[in-house]
Amino acid sequence: MFLLFHVPALTRTILTALIALLTLLGIMIRPFKWDEALIALIGGALMLLLGLLSPLQALNTLLNDWNTFLFFLGMMSLSALAEVAGLFDWLAVQAARLAHNNPSRLLLNIFLLGSIISMVLSNDATALILTPIVYSLVTRLRLSVLPYLFACTFIADTASFLLPVSNPINIIVLSKFPLDLWTFLRLLLLPSLLVISINIAIFFLLYRRQLQGQFDMKRLLSAESSIKHPAYFRYTCGILLLVVVAYVLASATRFPLSIVALGGASLLLVGALWWKRTTIQHLGKEISWSIFGFIAGMFVVVQAVEDTGLTATFGQLLLHLSGGTSFGAVMIGTLGSAFGTNLINNVPMAVVMSSALGGVQQASPSVHLGFVAATIFGCDLGPNLTTVGSLATVLWLLILRRRNLDVSGLDYFKIGVLVTPLMLLVGAFVIWLLLPY
């Protein structure tokens, strides 16, 4: 840590920026097939080893963001334990039954089911859990699989700003710029409903030929057969309903959402252990622990950059490009965030934008609020353009490859470019209309 006091500020700034850029570039191209978490941790370690950030500063940064880490842990645990109960299999069979043998209605139901799961359990849960269930469902029904599988990944991000808990990105941004529940819903609920509608309409148009005809429900097992333990299933449904209510109350009172998620997961775990549906060791295997290293590394890297004043400068650049107007703030914030997510993934982009927005706090309240809402919107929805934009999409691709389905980045982009830009523009315009003046 010899550079902290003995090197000119300009040199430290250049070195910090270089390490940050190399870290982001590494995340984007993944040399030697390294995991994104390893690359982020290497970037953070270099900042510490070269004295560009002190260990105490790094520790304080990570401790201050405890809500983000615990939220990820709670949400992944909730999703895994709900899957043990057979809840998602049961919901998928119900979606098919309510479609009344109509492939178009089934696609609509998959969109609605994905919206509910994303809203309550986050977009990652939708991609991770709903995708394999839908794949099994449509193959047994002998339907064209791609329309339904694309619906799973697109709705995961499209519905991920219905509530603050619908995407971990929301927690990252709101940890720095808290919004009360009413403000969040007033600015983002209507845009969310609109872009969901646009997403559904375009998919119906794109896949209209594959959605013709009927399917035979007799090829499916009954919904009840997906429930392995009725008592634990009922218990899980009850706890999840309590969690939803607690989410709303916590959002309204600005109580940490991670505590709600962890509390709900703990109650589900107690039930699962009581009825011997899982073990702590098995639950541990279902949690993607590397995501914590990825987030920790990015927090440290961005904190080092923030200390140089570069993110404040970036914030001033955003303010300049916006022309100091609320319309410019929403448009620049949305398009910049969306573009960035498709370069470096939405987690680091959300961290970078959250840091940069500290440099626009002197702007008018409507401009600053426009930037915050646009950052959430762009980082949540923007990843639908490419396969590298969000963790949810990466998980979706891995699930498909395990089933010998290979969707290339170009194939995905061909769908994303038809859907995402329109959703971004419409949603951003509506956010601007809803901003206070």
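Residue positions are given per chain, counted from 1 along the sequence in the order it is written. Only residues with pLDDT of 70 or above have their local features reported here, since the model is predicted, and side-chain atom pairs are shown and tallied only from 80 upward, although totals for entire chains, interfaces and linings are computed over all residues. With hydrogens and water set aside, each side-chain value is computed from the structure's full complement of heavy atoms.

Identification of the protein as Arsenic transporter from Reticulibacter mediterranei is taken from an unreviewed UniProt entry. Recorded in UniProt under Subcellular location (unreviewed entry), the annotation for the protein is "Cell membrane". UniProt positions are given in the numbering used here, feature names are shortened, and annotations may be inferred rather than shown by experiment.

Caption draft 1: Representation of the overall build of the protein. In terms of regular secondary structure, the protein is built from 21 helices and 0 strands. Dimensions of the protein, computed from the C-alpha atoms along their principal axes, are close to 75 × 45 × 45 Å. Among the 437 residues that make up the protein, the fraction classed as buried is 56%. For the protein, the share of sequence-separated contacts (at least 6 apart) that also reach a separation of at least 24 residues comes to 83%. To measure how exposed things are, a 1.4 Å probe is used in the Shrake-Rupley method; for residues, cover is taken only from the protein chains shown. When the accessible surface of the protein is summed, it comes to about 18,500 Å², and 70% of that surface belongs to carbon and sulfur atoms. Every helix listed is a DSSP run of H or I at least four residues long, and every strand listed is a run of E at least two residues long, numbered separately from the N terminus. Categorising residues by exposure relies on relative accessible area from a 1.4 Å probe, with only protein chains included: less than 20% of the type maximum marks a residue as buried, more than 50% marks it as exposed, and the intermediate range marks it as partly exposed. In this description, contact between two residues means that some pair of their heavy atoms is separated by no more than 4.5 Å.

Caption draft 2: Layout of helix H18 (residues 346-356). Extensive coverage of H18 is indicated by the burial of 11 of its 11 residues. Among the residues of H18, Asn-346, Val-347, Pro-348, Met-349, Ala-350, Val-351, Val-352, Met-353, Ser-354, Ser-355 and Ala-356 are the ones counted as buried.

Caption draft 3: Here's a closer look at the packing of helix H4 (residues 55-64) against helix H15 (residues 290-308). At a minimum axis separation of 10 Å, H4 and H15 run at an interaxial angle of 120°. Here H4 lies oblique to H15, going by the angle between them. Note that H4 runs across H15; the crossing there is right-handed. Across the interface between the two elements, Gln-57, Ala-58, Thr-61 and Leu-62 of H4 pack against Ala-296, Phe-299, Val-300, Gln-303 and Asp-307 of H15. Any residue outside Ala, Val, Leu, Ile, Met, Phe, Trp, Tyr, Cys, Pro, Asp, Glu, Lys and Arg is labelled polar, Gly included; the first ten of those are nonpolar and the last four are charged. Across the contact of H4 with H15, the residue classes tally to 5 nonpolar, 3 polar and 1 charged. Only the contacting stretch of a helix is used when fitting its axis, a line to C-alpha atoms as for every element, and angles between N-to-C directions run 0 to 180 degrees. Roughly parallel refers to an angle under 35 degrees, roughly antiparallel to one over 145, roughly perpendicular to one between 65 and 115, and oblique to any angle outside these ranges. Throughout, a crossing is termed right-handed when the near helix is turned clockwise from the far one, and left-handed when it is turned anticlockwise from it by less than a right angle.

Caption draft 4: Geometry of the packing of helix H10 (residues 168-176) against H18. Running from N to C, H10 and H18 cross one another at 15°; their axes reach a closest spacing of 9 Å. One element, H10, and the other, H18, form an angle in the roughly parallel class. Seen along the crossing, H10 lies across H18 with a hand that is right-handed. Along the contact surface, H10 presents Ile-169, Ile-172, Val-173 and Lys-176, while H18 presents Asn-346, Val-347, Ala-350, Val-351, Ser-354 and Ser-355.

Caption draft 5: Examining the side chain of Thr-393 more closely. With respect to the helices and strands, Thr-393 occurs in helix H20 (residues 391-402). Within the local environment of Thr-393, its side chain forms a polar contact with the side chain of Ser-390, the two groups lying 3.1 Å apart. Apart from the residues lying within four places of it in its own chain, the contact partners of Thr-393 are Thr-153, Asp-157, Pro-383, Thr-386, Thr-387 and Tyr-412. Polar contact is the term for a pair of N or O atoms within 3.5 Å; when the atoms are in protein, one must be able to donate a hydrogen and the other to accept it, and sequence-neighboring residues count only if both atoms are side-chain atoms.

Caption draft 6: Layout of the state of the cysteines. Our working definition of a disulfide is a cysteine sulfur pair at a distance within 2.5 Å. All chains considered together, the criterion is met by 0 disulfides. No disulfide involves Cys-237; its sulfur sits 20 Å from the nearest other cysteine sulfur, which is in Cys-152. Residue classification places Cys-237 among the partly exposed residues on the basis of a relative accessible area of 25%.

Caption draft 7: The environment of Asp-65, seen in detail. With respect to the helices, strands and loops of the structure, Asp-65 is situated in the loop between H4 and helix H5 (66-84). Owing to a relative accessible area of 11%, Asp-65 belongs among the buried residues under this scheme. For the pair Asp-65 and Leu-410, spaced 345 residues apart in sequence, the C-alpha separation works out to 36 Å.

Caption draft 8: Local environment of the side chain of Thr-61. One can find Thr-61 in helix H4. On the basis of relative accessible area, Thr-61 is assigned to the buried category, the value being 9%. When residues no more than four places from it in sequence are discounted, the contact partners of Thr-61 are Phe-299 and Gln-303.

Caption draft 9: View of the packing of aromatic side chains. Note on ring pairs: Phe, Tyr and Trp rings are taken, using the six-membered ring of Trp, and paired if centres are within 6.5 Å. Classes follow the plane angle, with under 30 degrees stacked, over 60 edge-to-face and the rest tilted. The final tally for this structure, using the stated rule, is 17 aromatic pairs. Here Phe-150 and Tyr-412 contribute two aromatic rings whose centre-to-centre distance is 5.9 Å and whose plane-to-plane angle is 50°, an arrangement assigned as tilted. Placement of the pair is Phe-150 in helix H9 (residues 145-158) and Tyr-412 in helix H21 (residues 409-434), with a sequence separation of 262 residues. Note on Phe-150: relative accessible area 4%, which makes it buried. Residue class for Tyr-412 comes out buried when judged on its relative accessible area of 0%.

Caption draft 10: Representation of H5 within the structure. Over its 19 residues, H5 runs 27 Å from end to end, which matches the ideal 27 Å to within 8%, given 1.5 Å per residue. Here H5 lies mainly inside the structure; 14 of its 19 residues are buried. Within two residues after H5, Gly-86 carries a phi angle of roughly 80°, on the positive side. A helix's residues, less one, multiplied by 1.5 Å, set its expected span.

Caption draft 11: Focus on unusual backbone geometry. Of note in the backbone geometry, His-100 takes a positive phi value of approximately 55° without being a glycine. His-100 gets classed as exposed once you look at its relative accessible area, which sits at 52%.

Caption draft 12: Spotlight on the confidence of the model for the protein. A residue-level look at the protein finds 97% of positions with pLDDT of 70 or above and a mean pLDDT of 88. Per-residue confidence from the predictor is given as pLDDT, running between 0 and 100. Of all helices and strands in the protein, the one with the weakest mean pLDDT is helix H1 (residues 3-6) (54), whereas helix H11 (residues 181-206) scores best (96).

Caption draft 13: Quick look at the environment of Gly-328. By the secondary structure assignment, Gly-328 is in helix H17 (residues 326-344). A relative accessible area of 10% places Gly-328 in the buried class. C-alpha separation for the pair Gly-328 and Gly-370, spaced 42 residues apart in sequence, amounts to 8.7 Å. Non-local contacts of Gly-328, meaning those with residues more than four positions away in its chain, are made with Ser-322 and Gly-333.

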